[in-house]
Amino acid sequence: MIATLKAEEASQLQLVEREDIDDEEDLFEAIDKLISAGINAGDVKKLQDAGIYTCNGLMMHTKKHLTGIKGLSEAKVDKICEAAEKIVNYGYITGSDALLRRKSVIRITTGSQALDELLGGGIETLAITEAFGEFRSGKTQLAHTLCVSTQLPTNMRGGNGKVAYIDTEGTFRPDRIIPIAERFGMDPGAVLDNIVYARAYTYEHQYNLLLGLAAKMSEEPFRLLIVDSVIALFRVDFTGRGELAERQQKLAQMLSRLTKIAEEFNVAVYMTNQVIADPGGGVFISDPKKPAGGHVLAHAATIRLMFRKGKGEQRVCKVFDAPNLPEAEAISLPDHCYCFKFVQIFFQVLIAHMTNSK
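This structure is a prediction, so every number in the text was calculated from the model and none was measured.

Considering the packing of helix H8 (residues 139-149) against helix H9 (residues 174-183)
In a pair of packed helices, the angle between the axes and the distance between the axes together describe the arrangement. Where H8 meets H9, the axes come as close as 9 Å, and the angle between the chain directions of the two elements is 55°. With respect to each other, H8 and H9 are oriented oblique. Read as a crossing pair, H8 and H9 show a hand that is right-handed. Judged by residue contacts, Thr140, Gln141, His144, Thr145, Cys147 and Val148 of H8 engage Arg176, Ile177, Ile180 and Ala181 from H9. Of the residues that constitute the contact of H8 with H9, the class distribution is five nonpolar, four polar and one charged.

In structure tokens:
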């Protein structure tokens, strides 16, 4: 089932289901196809119970991991992998084929023209975008805006899909979605219905929530996964240098899972990150802070954005690291400022109209 958006009589957009779309090919092969390739239906069910719902996802797991699934022997795993390799091509391809695959990338508008231009069109699928900065620098506000803009049709620079939101800090506010949806001309109720939300309390809970997403994403058209924030629970559950190595290993496993979700289901992953003081920054650096998570998180993120407060309500976003974007900055305003400006303009026009009518 693919999702699309339609205009209602009330000039609002609402996400609806559609049986098929001709111009979009299947992005993944369902795990059920293994049955027609000679794999026992019971073994396929065991894979699904372990959170593996596509052949693409199966190929992203090691045989060591697969043999750890109860009821799957080494011989069975070898047979399953051989069958999956015939369905999904995970070998070498030409550069031209790689370029063709990149055409499936969707760029989702951030709601800010300046920020979209900075990002080459918006937050892209098949990638992890990390936003780090101090508190109240605009990271979570952008997450709320993306919850709405992702549901816009692709011809309106949206993602034409649903949103999954994993909240580790308790900062998701559904009431903030309502004015943003109205700003985009969408039905707030329909927008909220197409956001699946979960509150995580431990790093293990956070990882298990990611495992459970595969079932939803294999059945419904998701285009965005938000993790706000990715590091918070790790900083709580692991303390001191003695647990640092284990923390980084567990963090690497979670980031690997996020990468696989992005590539398996062609979704954009937007994760926020905290900052830590950098005593070694020196006196010549005006803002001696660096993103938490170390090199493990730095290597996992495809695009790294640094947020900071500007003048007044302004927020400054800088491309900190990206494989295809130049280092640059953009200034944007939070959505509540756009709504305030809209109200201001509305009343100015109303007053002018009343004055002229006199």
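Quick look at the pairing of strand E13 (residues 315-321)
Judged from the six bridges that link them, strand E12 (residues 303-309) and E13 form a sheet pairing that is antiparallel. Bridge assignment links Arg308 to a residue of E13, and that residue is Val316. Connecting E12 to the antiparallel partner E13 that follows it, the hairpin turn spans five residues, and Gly312 within it adopts a positive phi of roughly 60°. Taken together, the four bridges between E13 and strand E14 (residues 329-332) define a ladder with antiparallel strand orientation. Note on E14: the bridge partner recorded for Cys317 is Ala330.

A short note on unusual backbone geometry
With omega at -5°, the peptide bond leading from Asp228 into Ser229 counts as cis. Residue position: Ser229 is located in the loop between strand E8 (222-228) and helix H12 (232-237). Notably, Asn160 is not glycine yet its phi reads approximately 55°, a positive angle. If you trace the backbone, Asn160 turns up in the loop between H8 and strand E6 (162-167). A positive phi angle, near 55°, is found at Asn266, a position not held by glycine.

Structural notes on H9
Considered for burial, the residues of H9 that qualify are Ile177, Ile180 and Ala181. Along the axis of H9, the buried residues cluster in a sector spanning 100°; they form a single face. Of the residues in H9, the exposed ones pointing more than 90 degrees away from the buried face are Asp175 and Glu182. Where H9 ends, the next residue or the one after it, Gly185, has phi of about 75°, a positive value.

A few points about helix H13 (residues 244-265)
An ideal rise of 1.5 Å per residue puts 32 Å on 22 residues; H13 measures up with 32 Å between its terminal C-alpha atoms. Taken together, the buried positions of H13 are Arg247, Gln248, Leu251, Met254, Leu255, Arg257, Leu258, Ile261, Ala262, Glu264 and Phe265. Just downstream of H13 lies Asn266, where phi reads positive at about 55°.

Let's talk about the pattern of salt bridges
Considering all chains together, one arrives at 13 salt bridges under this definition. Its salt-bridge partner being Arg102, residue Glu124 comes within 3.4 Å of it at the nearest N-O pair. In this pair, Glu124 is assigned in strand E4 (residues 123-124) and Arg102 in helix H6 (residues 95-102), connecting sequence segments 22 residues apart. Given a relative accessible area of 5%, Glu124 falls into the buried group. Take Arg102: its relative accessible area is 38%, and that puts it in the partly exposed class. Sharing partners across several salt bridges, the network here consists of Asp43, Lys46 and Lys76.

Focus: the packing of aromatic side chains
Scanning the model with the defined rule gives eight aromatic pairs in all. With a centroid separation of 5.2 Å and an interplanar angle of 75°, the aromatic rings of Phe28 and Phe265 are classed as edge-to-face. Pair noted here: Phe28 is in the loop between strand E2 (13-18) and helix H1 (33-36) and Phe265 is in helix H13, with a separation of 237 residues, a long-range link. The class of Phe265 is buried, set by a relative accessible area of 3%. Plain terms: the ring middles of Tyr203 and Phe238 are 4.9 Å apart, the flat faces sit at 50° to each other, and that makes the pair tilted. Of this pair, Tyr203 sits in helix H11 (residues 203-219) while Phe238 sits in the loop between H12 and H13, and the two are 35 residues apart along the sequence. Across the pair, exposure class does not vary: Tyr203 and Phe238 are buried alike. Through a chain of ring-to-ring contacts, three or more aromatic side chains come together here, namely Tyr165, Phe172 and Tyr197. The cationic tip of Lys309 hangs over the ring face of Phe135; the distance from NZ or CZ to the ring centre is 4.3 Å.

Re the nonpolar core
Counting residues in hydrophobic clusters, the biggest one holds 35 residues, and the most contacted among them are Cys147, Val148, Ile195, Ile226 and Tyr270. Those elements that place two or more of their residues in this core are helix H7 (113-118), H8, E6, H9, E8, strand E9 (268-273), E12 and E13. By residue number, the principal contributor to this core is H8, which donates five residues. The residues touching Ile226, leaving out its near neighbours within four places in the chain, are Ala143, Cys147, Val163, Ala164, Tyr165, Ile166 and Tyr270.

Concerning the environment of Thr171
Its location among the elements puts Thr171 in the loop between E6 and H9. Residue class for Thr171 comes out partly exposed when judged on its relative accessible area of 25%. Residues Thr171 and Asp228, 57 residues apart in the sequence, show an inter-C-alpha distance of 8.0 Å. Apart from the residues within four sequence positions on either side, Thr171 is in contact with Thr140, His144, Arg176 and Asp228. A polar contact of 3.1 Å, which involves the side chain of Thr171, links it to the side chain of Asp228.

Definitions and cut-offs
Residues numbered from 1 in each chain as written. Predicted model: local features only at pLDDT ≥ 70, side-chain atom pairs only at ≥ 80, totals over all residues. Heavy atoms only, no water. Axes fitted to C-alpha atoms, helices over the stretch in contact; angles between N-to-C directions. Helix = DSSP H or I, 4+ residues; strand = E, 2+ residues; numbered from the N terminus. Parallel < 35°, antiparallel > 145°, perpendicular 65-115°, else oblique. Left-handed = near helix turned anticlockwise from the far one by under 90°. Contact = heavy atoms within 4.5 Å. Nonpolar A, V, L, I, M, F, W, Y, C, P; charged D, E, K, R; others polar. Pairing = 2+ DSSP bridges. Buried < 20%, exposed > 50% of the residue type's maximum accessible area, 1.4 Å probe, protein only. Arc of directions from axis to C-beta. Expected span 1.5 Å × (residues − 1). Salt bridge = Lys/Arg side-chain N within 4 Å of Asp/Glu carboxyl O. Phe/Tyr/Trp six-rings, centres within 6.5 Å; stacked < 30°, edge-to-face > 60°. Lys NZ or Arg CZ within 6 Å of the ring centre and 35° of its normal. Core = buried A, V, L, I, M, F, W, Y, C linked by side-chain atoms within 4.5 Å. Polar contact = N/O pair within 3.5 Å; in protein donor to acceptor, adjacent residues only side chain to side chain.

Taken by themselves, the reported measurements are silent on function.
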